[in-house]
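Summary of the model geometry
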Amino acid sequence: MIRFAMLAAVVLSVISPVSAQDVLLLGEVQRVILQPSGTPDCPPPCPPDTLYPDGSKRICISNGGGCQTMDVKIERVYRGDAKGEARRFKSRIGEWGPSFPVHEKRIVVGEEAGEVSWSPAIEQDGKIFIDPRRLRSIGGVTTSTNDDDNLAELDELLEHAATVRRH
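Residues numbered from 1 in each chain as written. Predicted model: local features only at pLDDT ≥ 70, side-chain atom pairs only at ≥ 80, totals over all residues. Heavy atoms only, no water.

Mean pLDDT over the protein stands at 85; residues scoring 70 or higher make up 86%. Taken together, the stretch residues 1–19 has pLDDT below 50 and engages in four contacts with residues farther than four places along the chain or on a different chain. (pLDDT = per-residue confidence, 0-100. Contact = heavy atoms within 4.5 Å.)

Here is the structure:
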């Protein structure tokens, strides 16, 4: 029975192409909001220190900053479900500071398992290209196996991700 449950979980994870929050879209940034930790929309990165009966204390040290929120006006949805005219993305600010872009250029933004990444959308000959170093996976499939400066065509990456998921 346990083996069957494990097998079912693996099969469902493989055939489920997109989770409820997973999305990949093309759009324009409308707003970026930065919030410090401890505000209503940005909980502290660590739980409060815990004092144990023996006098020892558990502490948490984090290099996480606050939180960032990005509203993107949707131009096209490639994967997932993004209803309405805009989509809101949220993430914690990491050690190196905010990562959401503040510019007027179009971007391709993806969210997989709660992780948000984006790339500038570069249009050449009517096709959209991305920097695979910025948007490292689509549908759980790596967009590039090396760190070169080559752009990747988005339609080819989407086709590759669909092929990998079918096998």
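With antiparallel pairing, five strands are arranged side by side in an open sheet as E5-E4-E1-E6-E7. This sheet does not close on itself; its edge strands, each paired only once, are strand E5 (86–92) and strand E7 (115–120). On average, adjacent strands in this sheet sit at an angle of 40 degrees to one another, irrespective of strand direction. One ladder, built from six bridges, connects strand E6 (residues 106–112) with E7; its direction is antiparallel. Bridge pairing in E7 places Ile107 opposite Pro120. Here helix H2 (residues 154–166) sits on the sheet in contact with strand E1 (23–35), strand E4 (67–80) and E6, set at roughly 80 degrees to E4. (Pairing = 2+ DSSP bridges. Helix = DSSP H or I, 4+ residues; strand = E, 2+ residues; numbered from the N terminus. Axes fitted to C-alpha atoms, helices over the stretch in contact; angles between N-to-C directions.)

Attention now moves to the pattern of salt bridges. Per the counting criterion, the structure on display carries eight salt bridges. When the shortest N-O distance is used, the salt bridge between Arg106 and Glu75 registers 2.6 Å. Taken as a pair, Arg106 in strand E6 and Glu75 in strand E4 lie far apart in primary sequence, 31 residues in all. Look at Glu75 and you get partly exposed, because its relative accessible area is 46%. Asp81 is the partner of Lys83 in a salt bridge, and the nearest nitrogen-oxygen pair spans 3.6 Å. (Salt bridge = Lys/Arg side-chain N within 4 Å of Asp/Glu carboxyl O. Buried < 20%, exposed > 50% of the residue type's maximum accessible area, 1.4 Å probe, protein only.)

Right, let's talk about the sheet that holds strand E8 (residues 122–124) for a bit. Sheet architecture is open: three strands sit in the order E8-E9-E12, paired in antiparallel fashion. In the strand order of this sheet, the two ends are held by E8 and strand E12 (152–153), each with one partner. In this structure, E8 lies alongside strand E9 (residues 127–130), joined through three bridges in antiparallel fashion. Residue pairing in the sheet places Gln124 in a bridge with Lys127 of E9.

Turning our attention to the layout of surface pockets. Of the voids in this model, the largest pocket is the one considered here, and its volume is about 300 Å³. Surrounding the largest pocket, 19 residues form its lining, Val116, Ser117, Trp118, Arg134 and Arg136 being those nearest its centre. Secondary-structure elements contributing two or more residues to the lining of the largest pocket are E1, E6, E7 and strand E10 (137–138). Sorting elements by how many residues they give to the lining of the largest pocket places E7 first, with four residues. Taken together, Gln68, Ser91, Arg92, Ile93, Gly94, Gly97, Ser99, Gly114, Glu115 and Val116 form the lining of the second largest pocket. Of all elements in the fold, only E5 and E7 reach the threshold of two or more residues within the lining of the second largest pocket. Counted by class, the lining of the second largest pocket contains two nonpolar, six polar and two charged residues. (1 Å grid on protein atoms, 1.4 Å probe; cavity = no way out; pocket = protein on both sides within 12 Å on 5 of 7 lines; lining within 4 Å. Points joined across faces, edges and corners; volume = space filled by probe spheres on them. Nonpolar A, V, L, I, M, F, W, Y, C, P; charged D, E, K, R; others polar.)

A separate point is the side chain of Arg87. Relative to the helices and strands, Arg87 resides in strand E5. Among the residues examined, Arg87 registers a relative accessible area of 14% and is labelled buried. Engagement of the side chain of Arg87 in a polar contact is seen with the side chain of Glu111, the distance being 3.1 Å. (Polar contact = N/O pair within 3.5 Å; in protein donor to acceptor, adjacent residues only side chain to side chain.)

Looking now at the packing of aromatic side chains. Within this structure, the stated rule accounts for zero aromatic pairs. When the ring centre of Trp118 is taken as reference, the NZ or CZ atom of Arg134 above it lies at 4.2 Å. (Phe/Tyr/Trp six-rings, centres within 6.5 Å; stacked < 30°, edge-to-face > 60°. Lys NZ or Arg CZ within 6 Å of the ring centre and 35° of its normal.)

Within the structure shown, the criterion is met by two disulfides. In this model, Cys42 is linked to Cys67 through a disulfide, with the two sulfur atoms separated by 2.1 Å. Negative torsions about the S-S bond denote left-handed disulfides, and the value of about 80 degrees found for Cys42 with Cys67 makes this one right-handed. With Cys42 in the loop between E1 and strand E2 (50–51) and Cys67 in strand E4, this pair connects stretches of sequence that are 25 residues apart. With relative accessibility at 0%, the residue Cys42 sits in the buried group. Classification of Cys67 by relative accessible area gives buried; the value is 8%. (Disulfide = S-S within 2.5 Å.)

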